[in-house]
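Listed here are the chains, written in short residue letters.
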Amino acid sequence: MASSGLELLLVSLPQLAQGAAQTLSISALGIAFSTLGGVLYGVLATLGKRSVNLVLRVYLELFRAIPVLVWLYLLFFGLPIFFAVSIPSFWCAVLVLSLWGASEVGEVVRGALHSLPRGQREAGLSIGLDGWQLYGHVLLPQALKRMTPPTINIYTRIIKTSSLAVLIGVVDVIKVGQQIIERTYESVLIYGALFLFFFFICYPLSAASRALERRWTHA
Amino acid sequence: MSALIEFKGFNKFFGEHQVLKDIDLQVRSGEVVVILGPSGCGKSTLLRCLNGLEVAHGGSLTLAGKELLSKATDWRQVRQQVGMVFQSYHLFGHMSVMENLLLGPLKVQKRERFEAQAQAEALLARVGLLDKRDAYPRQLSGGQQQRIAIVRSLCMNPQVMLFDEVTAALDPEMVKEVLQVIQGLARDGMTLLIVTHEMAFARAVADRIVFMEAGRILEQSAPESFFTNPQTARAQQFLEKFSFVESLPKTPHKELS
């Protein structure tokens, strides 16, 4: 049994790796776009423009109130019906994860920028910096310490949530695992392997987040 | 000689509340004007209007003959000519002293690094902090940070410097080192607008005292006449509060000990 289990894992490895590549690329793209979008959100939210804030608020609440799974279905099945636009399931998953992640990261960035002393902004303006320079040289670098630990935690949530992509037909690592189980009935073994896969990706991130938080709050 | 800075019928509101009322004030080039008045009288707001950190609502404000309250005003240009130093220094904490000093000259004014750095070093030497050029703000005392903040403004080669209660957050023993720097600028003939609660300093450094209360200028006079013979009852009251501390007995009474 033990040897046959190990054999099965070894045999399945290439197939699992393909699924893992899907999971990791969806996650990586989702993380990248979430970060870019989140920084943009955070900057826009601290400009003090009421109309901009209203739009951001609606966007945030939509992604807080509606489950990611519903968003996936809405875009994957809804867009073709209502707008005759269809997106491949892979990119649909990336899009939804990015929009959701950007709202989460955005709130973190907004909070970090908001927590800086008001005087930093005024001192920057007083030496004639424009908006880009103010955010690029003064505000964002100082917000970085405060926003990095919680942002890394959001990254782990993006990685875990990427598994929902199965439900719109993406063949990610979990789908591959299920296919192997259907063939071999080795559910404990395969789910154990999936458990370790997610654990060894997410745990280092969350440990890094905690380490950074410790180091930077005591600095 | 025409005024470098001129407020005329200048008004400013925070919501419904009018914080500056009909301000008329002229500052000549090279003049040192100290603005005194009780807390909340609008003196800091007046300074902040001059570099666009606050938006004014009426009247006229000119700098070197140019109207600042027009829509066409490029505040980034104005701010390069009007240096401002704040109560809590607001150095950029993630940058070394030299990086703090060079940010404006390099990024805003696009000057050559060697030239800007030479100027920054000369100014640091002048305030006695050249050895701190690579230090970070958190490693410096309040007085040192405030002197750096002054140098940061000076590196932009402004025409006017605004000082907004720059010693109010400092420990008493650090007040002197900052005031000496400001006094040096006054001697050099720089145009200064100073908001302070240091009465002795105001008297020593000012060419003119402007006394404000509740958003109005009540009195403008030479320091000697203001401190010895204030024109308004309100200014008298204000000065009495400060002289009360000075008139306390130098040795404690028995009841106090």
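The structure reproduced in this document is the subject of the present report. (Residues numbered from 1 in each chain as written. Chains lettered and ligands numbered in written order. Predicted model: local features only at pLDDT ≥ 70, side-chain atom pairs only at ≥ 80, totals over all residues. Heavy atoms only, no water.)

### Let's talk about the overall build of chain A
1) Next: Looking only at helices and strands, chain A has eight helices and zero strands in total.
2) Next: Put simply, chain A runs from its N terminus to its C terminus through helices and strands in the order α-α-α-α-α-α-α-α.
3) Next: Reported as C-alpha extents along the three principal axes, the dimensions of chain A are approximately 70 × 50 × 25 Å.
4) Next: The proportion of buried residues among the 219 residues of chain A is 44%.
5) Next: Across chain A, every contact between residues at least 6 apart in sequence was considered, and the portion connecting residues at least 24 apart equals 76%.
6) Next: For chain A, the exposed area adds up to about 11,600 Å²; of that, 69% sits on carbon and sulfur atoms.
7) Next: For chain A, the distance from the average site of its 16 positive side-chain charges to the average site of its 10 negative ones is 11 Å. (Helix = DSSP H or I, 4+ residues; strand = E, 2+ residues; numbered from the N terminus. Buried < 20%, exposed > 50% of the residue type's maximum accessible area, 1.4 Å probe, protein only. Contact = heavy atoms within 4.5 Å. Areas by Shrake-Rupley, 256 points an atom, 1.4 Å probe, with all protein chains shown as cover. Lys, Arg positive; Asp, Glu negative; His and termini not counted. Charge placed at Lys NZ, Arg CZ, Asp CG, Glu CD.)

### Some details on the pairing of strand 8 (residues 191–195) of chain B
All names here are of chain B.
1) Next: Taking burial as the measure, the five residues of strand 8 include five buried ones, the bulk of the element.
2) Next: A two-sided burial pattern is seen for strand 8, the buried positions comprising Thr191, Leu193 and Val195 on one face and Leu192 and Ile194 on the other.
3) Next: With four bridges connecting them, strand 3 (residues 32–36) and strand 8 associate as parallel partners. Following the sheet pairing, Val34 is matched in strand 8 by Ile194.
4) Next: Here five bridges tie strand 7 (residues 160–164) to strand 8, and the two strands are oriented parallel to one another. Bridging across to strand 8, Val160 finds its partner in Thr191.
5) Next: A crossover links strand 7 with its parallel partner strand 8, the connecting element being helix 6 (residues 172–187), and its sense is right-handed. (Pairing = 2+ DSSP bridges. Right-handed = clockwise from strand over helix to strand, strands pointing away.)

### Digging into the interface of chain A and chain B
1) Next: Tallying the contact residues gives 17 residues for chain A and 22 residues for chain B.
2) Next: Here chain A and chain B share an interface that buries about 1,600 Å² over both sides, 60% of which is from carbon and sulfur atoms.
3) Next: Counting across the interface, chain A meets chain B through one salt bridge.
4) Next: Two residues, Arg48(B) and Glu122(A), come together in a salt bridge whose shortest N-O distance is 2.7 Å.
5) Next: Counting across the interface, chain A meets chain B through seven residue pairs in polar contact (both at pLDDT 80 or more).
6) Next: At the level of secondary structure, the elements contributing two or more residues to the side of chain A that touches chain B comprise helix 5 (118–126) and helix 6 (131–161) of chain A.
7) Next: Examining the composition of the side of chain A that touches chain B, we find that eight residues originate from one element, helix 5 of chain A, more than from any other.
8) Next: Considered class by class, the residues forming the side of chain A that touches chain B number six nonpolar, eight polar and three charged. (Buried area = accessible area lost by both parts, 1.4 Å probe. Salt bridge = Lys/Arg side-chain N within 4 Å of Asp/Glu carboxyl O. Polar contact = N/O pair within 3.5 Å; in protein donor to acceptor, adjacent residues only side chain to side chain. Nonpolar A, V, L, I, M, F, W, Y, C, P; charged D, E, K, R; others polar.)

### Observations regarding the nonpolar core
1) Next: With 96 residues, the main nonpolar core has Leu113(A), Ile5(B), Phe7(B), Ile35(B) and Leu193(B) as its most contacted residues.
2) Next: Ranked by residue count, the leading element in this core is helix 4 (residues 89–114) of chain A, at 13 residues.
3) Next: Ignoring sequence-local partners within four residues, the contact set of Ile5(B) consists of Leu25(B), Gln26(B), Val27(B), Leu50(B), Leu61(B), Thr62(B), Leu63(B), Val160(B) and Leu193(B). (Core = buried A, V, L, I, M, F, W, Y, C linked by side-chain atoms within 4.5 Å.)

### Remarks on helix 5 of chain A
1) Next: Those residues of helix 5 of chain A not exposed but buried are Gly119(A), Gln120(A), Glu122(A), Ala123(A), Gly124(A) and Ser126(A).
2) Next: Check the buried side of helix 5 of chain A and you find it contacts helix 6 of chain A together with helix 1 (43–50), helix 2 (75–81), strand 6 (82–85) and helix 5 (142–154) of chain B.
3) Next: Following helix 5 of chain A by one or two positions, Gly128(A) adopts a phi angle in the positive range, close to 90°.

### Notes on the sheet that holds strand 7 of chain B
Consider a sheet: its strands pair through backbone hydrogen bonds, and that pairing is either parallel or antiparallel.
All names here are of chain B.
1) Next: Taken in spatial order, the six strands line up as 6-7-8-3-9-10 in an open sheet, and their pairing is mixed. Looking at which strands have only one partner, the edges of the open sheet turn out to be strand 6 and strand 10 (216–221). Mean inter-strand twist for the sheet, computed between neighbouring axes without regard to direction, equals 20°.
2) Next: The strands touched by helix 5 within the sheet are strand 6 and strand 7, with strand 6 carrying the most contacts at an inclination of about 170°.
3) Next: Relative to strand 8, helix 6 is tilted by about 145°, and along the sheet it contacts strand 3, strand 7 and strand 8. (Axes fitted to C-alpha atoms, helices over the stretch in contact; angles between N-to-C directions.)

### Let's talk about the sheet that holds strand 1 (residues 5–14) of chain B
Residue and element names in this part refer to chain B.
1) Next: Strand order in the open sheet formed by four strands is 2-1-4-5, with antiparallel pairing between adjacent strands. The sheet is open, and its two borders are formed by strand 2 (17–27) and strand 5 (66–67), each paired with just one other strand.
2) Next: Relative to strand 2, strand 1 runs antiparallel, the two sharing seven bridges. Bridging from a neighbouring strand, Ile5 pairs with Val27 of strand 2.
3) Next: Along the sheet, helix 1 makes contact with strand 1, strand 2 and strand 4 (58–63), crossing strand 1 at roughly 115°.

### A closer look at the side chain of Thr196(B)
Residue and element names in this part refer to chain B.
1) Next: Structurally, the position occupied by Thr196 is in the loop between strand 8 and helix 7 (199–205).
2) Next: Among the polar contacts made by the side chain of Thr196, one reaches the main-chain amide nitrogen of Glu198 at a distance of 3.0 Å.
3) Next: Setting aside chain neighbours within four positions, we find Thr196 in contact with Val34, Ile35, Leu36, Thr167 and Ala202.

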